[in-house]
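Each chain, written out:
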Amino acid sequence: MNTMRATDDQDHQPDEPRVMAGFNLSNLAYRAISEMIRDRRLKGGEQIVEARLADVLGISRTPLREALQRLEGEGLVRKFANRSYLVRSVDLAEYLHSLKVREILEAEAAALATGRISKELLAVVRHEIEELRASTTYHTASHWQSDDNLHGIYINHCGNPVIGELINALRVTTRLFEIAKLKDRLEPDSVEHLAILGALEVGDAKAARQAVTAHIRSLRDFALETVR
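Within every chain, residues take consecutive numbers counted from 1 along the sequence as written. The model is predicted, so local features are restricted to residues of pLDDT at least 70 and side-chain atom pairs to those at 80 or more, both for listing and for counting; the totals for chains, interfaces and linings are taken over all residues. The basis for the side-chain values is all heavy atoms of the structure; hydrogens and waters are excluded.

## Considering the environment of Leu194
Among the secondary structure elements, Leu194 is positioned in helix 9 (residues 186–202). For each residue, the accessible area found with a 1.4 Å probe, counting protein chains only, is set against the maximum for its type, and the residue is called buried under 20%, exposed over 50%, and partly exposed in between. A relative accessible area of 15% places Leu194 in the buried class. Put simply, Leu194 and Ile129 are 65 residues apart on the chain and 7.7 Å apart in space, counted from C-alpha to C-alpha. Once you skip the residues sitting within four places of it in the chain, Leu194 turns out to touch Arg126, Ile129 and Arg133. Each helix is a run of H or I in the DSSP string that is no shorter than four residues. Each strand is a run of E no shorter than two, and both are numbered from the N terminus. Any pair of residues with heavy atoms lying within 4.5 Å of one another is described as a contacting pair.

Okay, structure coming up:
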């Protein structure tokens, strides 16, 4: 009996490393493609050529397809009848409509999160914004990361997971909009983010709601001015 059990264990042992390796490669592909979309190396409406992308990433098509399926679920790519994937394209109208809904939901989330966020976490986010603002070199990735962290603190602490899921889905949509001159948003974003933080730090729900509303409307105005 013991011999048979040992044999069975040995027969199944090699499967686990293979599964884990595939999972890790899929995660690697997911992160890499997400960054390519975020950094505009893969642009909205662009077809993803699996063979070429697999070669660039140094992986097989299986983990690549798993990553693309995950990105499809998140709304970053879309699959067509011929089974090819395209980076989702968001035009100005969809961007503005999404911002309007974000304005309503995020203002509510910020008000609900007031008093729920630790001072330590607020201090970390403030320090990150101030460092980004003081940097002499602009980095798109750092800008987006700071943006995610600021919005994330009240989305994740609003106490309403449905609101959080809706906002995160809308943020995927607005992130995909091809904003020109993103670097020009760094200073207004920083000032507006600090205003939101200030309201959260003093526990003023009304001020937090107003600061988030002002920020989202600023994004709308910037987009309208940029496309003129």
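Don't stop here, the text continues.
## Topic: empty space enclosed by the protein
Only protein atoms enter the 1 Å grid, on which a cavity is a set of points fitting a 1.4 Å probe that cannot get out and a pocket is an open set with protein on both sides within 12 Å along at least 5 of 7 lines, lining residues being those with an atom within 4 Å of a point. Grid points are joined across faces, edges and corners, and a volume is the space filled by probe spheres set on the points. Summed over the entire model, instances satisfying the criterion amount to two cavities of 30 Å³ or more. In this model, the second largest cavity occupies a volume close to 40 Å³. Around the second largest cavity, the lining residues are Ile129, Leu132, His143, Ser146, Asp147, Leu186, Asp189, Ser190 and His193. Elements with a minimum of two residues in the lining of the second largest cavity: helix 6 (119–134), helix 7 (140–155) and helix 9. Note on residue classes: Ala, Val, Leu, Ile, Met, Phe, Trp, Tyr, Cys and Pro are nonpolar, Asp, Glu, Lys and Arg are charged, and everything else, Gly too, is polar. Taken together, the residues that form the lining of the second largest cavity break down as three nonpolar, four polar and two charged.

## Things to note about the sheet that holds strand 3 (residues 85–87)
Should DSSP find at least two bridges between two strands, the strands are taken to pair. Taken together, three strands build an open sheet; the order of strands is 1-3-2 and the sheet is antiparallel. In this open sheet, the two edge strands, each paired with only one partner strand, are strand 1 (47–48) and strand 2 (77–79). Of the pairings in the sheet, the one linking strand 2 to strand 3 comprises three bridges and is antiparallel in character. Within strand 3, the position partnered with Val77 by the bridge is Val87. Only C-alpha atoms enter the line fits that serve as axes; for helices the fit covers just the stretch in contact. Angles between N-to-C directions range over 0 to 180 degrees. Contacting strand 1, strand 2 and strand 3, helix 4 (residues 61–74) runs over the sheet at an angle of about 105 degrees to strand 2.

## Details of the confidence of the model for the chain
Should pLDDT be low for a region, the predicted coordinates there are not to be read in detail. Taken as a whole, the chain shows an average pLDDT of 88; of its residues, 88% reach a score of 70 or greater. Looking at the elements of the chain, mean pLDDT is at its lowest for helix 1 (residues 2–12), recorded as 46, and at its highest for helix 5 (residues 92–113), recorded as 97. For residues 1–14, every residue scores under 50 in pLDDT, and the model assigns this stretch zero contacts once sequence neighbours within four places are set aside. Predictor confidence is given residue by residue as pLDDT, running from a minimum of 0 to a maximum of 100. Low confidence marks residues 16–22, where pLDDT is under 50. Its contacts with residues over four positions away, or in another chain, come to two contacts.

## Focus: helix 3 (residues 50–57)
Taken together, the buried positions of helix 3 are occupied by Glu50, Leu53 and Ala54. Axial view of helix 3: buried residues confined to an arc of 100 degrees, hence all on one face. Opposite the buried face of helix 3, at more than 90 degrees from it, the exposed residues are Arg52, Asp55 and Val56. One or two residues past the end of helix 3 sits Gly58, with phi positive at roughly 70 degrees. By definition, the arc is the one covered by directions from the helix axis to the C-beta atoms.

## Examining the layout of surface pockets
Size it by volume and the largest pocket reaches roughly 590 Å³. Along the wall of the largest pocket there are 20 residues; nearest its centre are Glu74, Leu76, Asp148, Val172 and Arg175. Those elements that place two or more of their residues in the lining of the largest pocket are helix 2 (15–38), helix 7 and helix 8 (161–176). Its residues assigned to classes, the lining of the largest pocket shows seven nonpolar, five polar and eight charged. In this structure, the second largest pocket encloses a volume near 170 Å³. Mapped by element, the contributors of at least two residues to the lining of the second largest pocket are helix 3 and helix 4.

## What about the environment of Lys183?
With respect to the secondary-structure elements, Lys183 resides in the loop between helix 8 and helix 9. Its relative accessible area of 56% is what places Lys183 among the exposed residues. Separated by 43 residues in sequence, Lys183 and Thr140 place their C-alpha atoms 7.5 Å apart.

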